[in-house]
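Fold and geometry: a report
The residues making up each chain are set out below.
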Amino acid sequence: MRATLEETAKSEIKARKPFYQNLWVQVLAAVAIAIVLGYVRPKTAEAMRPLGDAFIRLISMIIALVIFCTVVTGIAGMGNLRKVGRVGGKALLYFEVVTTVALVFAVTVGNLIPTGAGFNANPATLDAAAVTAYAGQAKAQTVTDFLLQMIPVTVVDAFARGSILSVVLVSLLFGFALSSMGARCKPLIDVIEALTQVVFGVVNILMRFAPIGAFGAMAFTVGRYGLGSLGPLAKLVLTFWATCIVFVVVVLGAIAWMAGFSIIRFLKYIREEIVLVLSLSSSEPVLPMLMSKLEKLGCSKALVGLVMPTGYTFNTDGSCLYMIMAALFVAQATNTPVQGASFIALVGTLMVVPSIPVAGMALILGIDRFMSMFRAAVNVIGNGVATLVIARWEKELDAEVLQHNLQLTS
């Protein structure tokens, strides 16, 4: 066994391509050029936005098919529908626990480091119109409304709207049906498996344009907002970045350690996805790539297809950190007392805290793009860790083999 692993490692090393052909290196180079362009020629850089938007749309258009093919073939090939329900239950339990930890973590940091103290901003003098468009989108939603929105009007509607949860629901139903009908549906399963290969082939083609997309997104960000916009709010931005890094290394690191793998090796393994998310300020474009990489580590298609898409809605650790720290910043900056600051942790994902003026969000509107980079990155890392943890929980992965695979590919 040891000899086989050593031979595999040697062949892997020989097969490694030059560093400049690695996607993450190309993306970093594109981002560096974009930052320089944004600083020197901001108007030109701002005009690069369509490159980033186009790349995100190209990837987004294929995500629904990736989820459908992965979940359907995974469940149909699993043959054990009880496992599907068990994995779903464990995933939701994990999401609830880790999300709560993230909220409490953010409240603690926000109170220990009062980033908004000393601003003494008057909400009446702030540009409330700047956040009107965003405030109009923030509508109260009951649990019933949320569940009904998961159900598409038609099967095609789920794919047309691009709703991840709706696509997951349709995929689960198709997967259950194919699994229960047995050998009669084998030809259809073969067709969907062939379609899966084609879909991931399309993803591989589209990812060749990732450096261009990253260049466009970063050039627009620096050109539009400028690095100078970080000045007055540098404490908030740097504190949030540091909080995200500590949360990943300490909290997710501890979870990974208990599951039998190293968070540092995992971060190296998905470095391409992390760099891309940081440059695009969006987590969706890397979903197909990350799902494929998790399967290569040994996670089953069904488990990856269930946990990853669901986690994009229910396991947003980065968003939790952002919401709490932003709310506390605005409260401190406008000298708004918040009764029981820790209570925000309980309501942060459900409703807007009424005592905090919405107009105060105008204070951070200009730096939201810089904060969303780390917010999206933490969401992606958190869902990757969740998938591996639940796979270990289901005994799909052996700790020694997982560590070896991470070391071999990082």
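Here's what I pulled together on the structure shown here. Note that this is a predicted model, so its numbers are computed, not measured.

Quick word on the overall build of the protein
- Each helix and strand counted, the protein has 20 helices and 0 strands in total.
- Considering the protein as a whole, with its 410 residues, one finds that 50% of them fall into the buried category.
- Pairs at least 24 residues apart make up 84% of the contacts formed inside the protein by residues separated by at least 6 positions.
- When the accessible surface of the protein is summed, it comes to about 19700 Å², and 66% of that surface belongs to carbon and sulfur atoms.

Section: unusual backbone geometry
- Backbone geometry places Lys395, a non-glycine residue, at a positive phi of 60 degrees.
- Relative to the helices and strands, Lys395 resides in the loop between helix H19 (368–393) and helix H20 (399–409).

Focus: helix H10 (residues 186–206)
- Between the first and last C-alpha of H10 there are 30 Å, a value that for 21 residues agrees with the 30 Å anticipated at 1.5 Å per step.
- Those residues of H10 that fall on the buried side of the exposure criterion are Ile189, Ile192, Thr196, Val199, Phe200, Val203 and Leu206. Angularly, the buried residues of H10 cover 110 degrees about the axis, an arc narrow enough to put them on a single face. Of the exposed residues in H10, those oriented more than 90 degrees away from the buried face are Pro187, Val191, Gln197, Val198 and Asn204.

Description of the pattern of salt bridges
- Counted according to the given criterion, the structure contains 6 salt bridges.
- Between Arg49 and Asp53 there is a salt bridge, with its nearest N and O atoms 3.3 Å apart. Of this pair, Arg49 and Asp53 are both found in helix H4 (residues 49–78), 4 residues apart, which corresponds to roughly one turn of the helix.
- When the shortest N-O distance is used, the salt bridge between Lys293 and Glu273 registers 3.1 Å. Residue Lys293 is found in helix H15 (residues 287–296), and its partner Glu273 is found in helix H14 (residues 271–280); the two are separated by 20 residues along the sequence. Here the two residues Lys293 and Glu273 agree in accessibility, since each one is buried.
- In the salt-bridge network here, residues are joined through shared partners; they are Arg86, Lys90 and Glu394.

Considerations on helix H12 (residues 234–259)
- Over its 26 residues, H12 runs 36 Å from end to end, which matches the ideal 38 Å to within 8%, given 1.5 Å per residue.
- A bend of about 35 degrees at Gly253 is the largest found in H12.
- A positive backbone phi angle near 95 degrees is found at Gly260, which sits one or two residues after H12.

Observations concerning the environment of Arg86
- Within the secondary structure, Arg86 is located in helix H5 (residues 81–112).
- Each C-alpha atom of the pair Arg86 and Glu394 lies 9.0 Å from the other, and the pair is 308 residues apart in sequence.

Here's the deal with a nonpolar patch on the surface
- On the surface, Leu51, Ile205, Phe209 and Ile212 cluster together to form a nonpolar patch covering roughly 350 Å² of accessible area.
- By the element assignment, Leu51 lies in helix H4.

A closer look at the packing of helix H11 (residues 210–225) against H14
- Viewed as axis vectors pointing N to C, H11 and H14 meet at an angle of 35 degrees, and their least axial separation amounts to 8 Å. Here Ala210, Gly213, Ala214, Ala217 and Met218 of H11 come into contact with H14, specifically with Leu276, Leu278, Ser279 and Leu280.
- Its residues assigned to classes, the contact of H11 with H14 comprises 7 nonpolar, 2 polar and no charged.

Comments concerning the packing of helix H17 (residues 317–333) against H19
- Across the interface, H17 lies against H19 with an axial gap of 6 Å and an inter-helix angle of 145 degrees. Mapping the contact onto sequence places Asp317, Gly318, Ser319, Leu321 and Tyr322 in H17 and Asp368, Met371, Arg375, Val378, Asn379 and Gly382 in H19.
- Residues of the contact of H17 with H19, tallied by class, amount to 4 nonpolar, 4 polar and 3 charged.

Some points on the environment of Ile245
- Within the secondary structure, Ile245 is located in helix H12.
- Spatially, the C-alpha atom of Ile245 lies 9.9 Å from that of Ala377, the residues being 132 residues apart in sequence.

Here is what the cut-offs are and how they apply
Residues numbered from 1 in each chain as written. Predicted model: local features only at pLDDT ≥ 70, side-chain atom pairs only at ≥ 80, totals over all residues. Heavy atoms only, no water. Helix = DSSP H or I, 4+ residues; strand = E, 2+ residues; numbered from the N terminus. Buried < 20%, exposed > 50% of the residue type's maximum accessible area, 1.4 Å probe, protein only. Contact = heavy atoms within 4.5 Å. Areas by Shrake-Rupley, 256 points an atom, 1.4 Å probe, with all protein chains shown as cover. Expected span 1.5 Å × (residues − 1). Arc of directions from axis to C-beta. Salt bridge = Lys/Arg side-chain N within 4 Å of Asp/Glu carboxyl O. Bend = angle between axes of the 7 residues up to and from the residue. Patch = residues over 30% accessible without salt bridge, like charges linked within 9 Å, V, L, I, M, F, W, Y side chains within 5 Å. Axes fitted to C-alpha atoms, helices over the stretch in contact; angles between N-to-C directions. Nonpolar A, V, L, I, M, F, W, Y, C, P; charged D, E, K, R; others polar.

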